[in-house]
Amino acid sequence: MAAILVLFVMTFAVVLGPAAADPDLLQDVCVADLTSGVKVNGFTCKAIANISAADFSFNGLAKPGLTNNTFGSLVTAANVEKIPGLNTLGVSLSRIDYAPGGLNPPHTHPRATEMVFVLEGELDVGFITTANVLISKSIKKGEIFVFPKGLVHFQKNNGKVPAAVISAFNSQLPGTQSIATTLFAATPPVPDHVLTKAFQVGTKEVEKIKSRFAPKKK
Ligand SMILES: *[C@@H]1O[C@H](CO)[C@@H](O)[C@H](O)[C@H]1NC(C)=O
Ligand SMILES: *[C@@H]1O[C@H](CO)[C@@H](O)[C@H](O)[C@H]1NC(C)=O
């Protein structure tokens, strides 16, 4: 009986294991048809006759992004929405630029682990485990840091010069939930009574934060 239970648990683990990342592809390529109205898990494939090298290339990370915004940082994504050829391949990149003092505020990627490689400058980075332990470090040019899938993390440029990283993800579309924006700028809004109780503050404080994060279209 015990042996059967062990076998059952192992089978379950093996079946679930590969599903922990983007599903594997079942053909050479499946270049995303971003215009298709057909909804599947990912994007439908363009006809092979209609694909070209352009579907597999992107020059949008070549130049630094503009960091003259509230947080002093900018994420430029190179995911399946920019590179249709990434559809079903389970990987993508971003470039993140940081002004001096710039912050990429606490956020999570529900579908991917992230590795950052520092191109320029220095960053203070960290993630928080589900046991609420902060794992943090200062990293500089040429160094790498890993943010495990789903965990809240951030990067801050405490240096006097701009910084930049390339981030790699094990998902064609990692998704991002920025904690403050998610809670204080959702549409329709998360009710004040939820936030006052969750953060143990008054309605005034909640309204103040909400006003700073007024929803804006990207
Ligand atoms: C290839 O693209 C052309 C132009 O967009 C379109 O008219 C045609 O239907 C496509 N071919 C296939 C097989 O999807
Ligand atoms: C940021 O800088 C660019 C280029 O200098 C400028 O066009 C843009 O308006 C600036 N944005 C803000 C929010 O100041």
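Procedures and definitions
- Residues numbered from 1 in each chain as written.
- Chains lettered and ligands numbered in written order.
- Predicted model: local features only at pLDDT ≥ 70, side-chain atom pairs only at ≥ 80, totals over all residues.
- Heavy atoms only, no water.
- UniProt positions renumbered as here; feature names shortened; annotations may be inferred.
- Pairing = 2+ DSSP bridges.
- Helix = DSSP H or I, 4+ residues; strand = E, 2+ residues; numbered from the N terminus.
- Buried < 20%, exposed > 50% of the residue type's maximum accessible area, 1.4 Å probe, protein only.
- Polar contact = N/O pair within 3.5 Å; in protein donor to acceptor, adjacent residues only side chain to side chain.
- Contact = heavy atoms within 4.5 Å.
- Axes fitted to C-alpha atoms, helices over the stretch in contact; angles between N-to-C directions.
- Parallel < 35°, antiparallel > 145°, perpendicular 65-115°, else oblique.
- Nonpolar A, V, L, I, M, F, W, Y, C, P; charged D, E, K, R; others polar.
- Salt bridge = Lys/Arg side-chain N within 4 Å of Asp/Glu carboxyl O.

The name given to the chain in an unreviewed UniProt entry is Germin-like protein, with Quercus lobata as the source organism. UniProt's Subcellular location (unreviewed entry) comment on the chain is quoted here verbatim: "Secreted, Extracellular space, Apoplast".

It is not clear to me how the pairing of strand S3 (residues 103-108) should be interpreted in this structure. Could you clarify?
Where S3 meets strand S8 (residues 153-156), 3 bridges bridge the pair, whose relative direction is antiparallel. Each residue of the ladder has a partner; that of His107, found in S8, is His153. As defined by bridge partners, S3 adjoins strand S10 (residues 177-178) across 2 bridges and the pair is classed as antiparallel. Each bridged residue has a counterpart across the sheet, and for Thr108 the counterpart in S10 is Gln177.

Where do I start with the side chain of His107 in this structure?
Examined against the element boundaries, His107 turns out to sit in strand S3. Owing to a relative accessible area of 4%, His107 belongs among the buried residues under this scheme. Polar side-chain contacts of His107 include one of 3.3 Å to the side chain of His109. With residues up to four places along the chain from it excluded, the contact list for His107 reads Glu114, Leu151, Val152, His153, Gln155, Thr176, Gln177, Ser178 and Ile179.

It is not clear to me how the packing of helix H3 (residues 192-199) against helix H4 (residues 203-212) should be interpreted in this structure. Could you clarify?
Packed helices, taken two at a time, are described by the angle between their axes plus the distance between the axes. The geometry of H3 relative to H4 is characterised by a closest axis approach of 9 Å and an angle of 110° between their N-to-C directions. Looking at the two axes, H3 sits roughly perpendicular to H4. Residues Asp192, Leu195 and Thr196 of H3 pack against Thr203, Val206, Glu207 and Lys210 of H4. Per-class residue counts for the contact of H3 with H4 are 2 nonpolar, 2 polar and 3 charged.

Is there a simple way to think about the sheet that holds strand S5 (residues 122-128) in this case?
Each strand in a sheet pairs with another by means of backbone hydrogen bonds, the pair being arranged parallel or else antiparallel. Strand order in the open sheet formed by 5 strands is S6-S5-S8-S3-S10, and the pairing between neighbours is antiparallel. Each of the sheet's edge strands pairs with one partner strand only, and the pair in question is strand S6 (134-140) and S10. Judged from the 7 bridges that link them, S5 and S6 form a sheet pairing that is antiparallel. Looking at S6, one finds that Leu123 is bridged to Ile139.

Please clarify how the pattern of salt bridges should be interpreted in this entry.
All told, the structure shown has 5 salt bridges when counted by the stated rule. Of the charged contacts, one joins Lys46 and Asp55 as a salt bridge, the two residues approaching to 2.8 Å between their closest N and O atoms. Residue Asp55 is classed as buried on the basis of its relative accessible area of 7%. For Glu143, the salt bridge identified is with Lys140, shortest N-O distance 3.5 Å.

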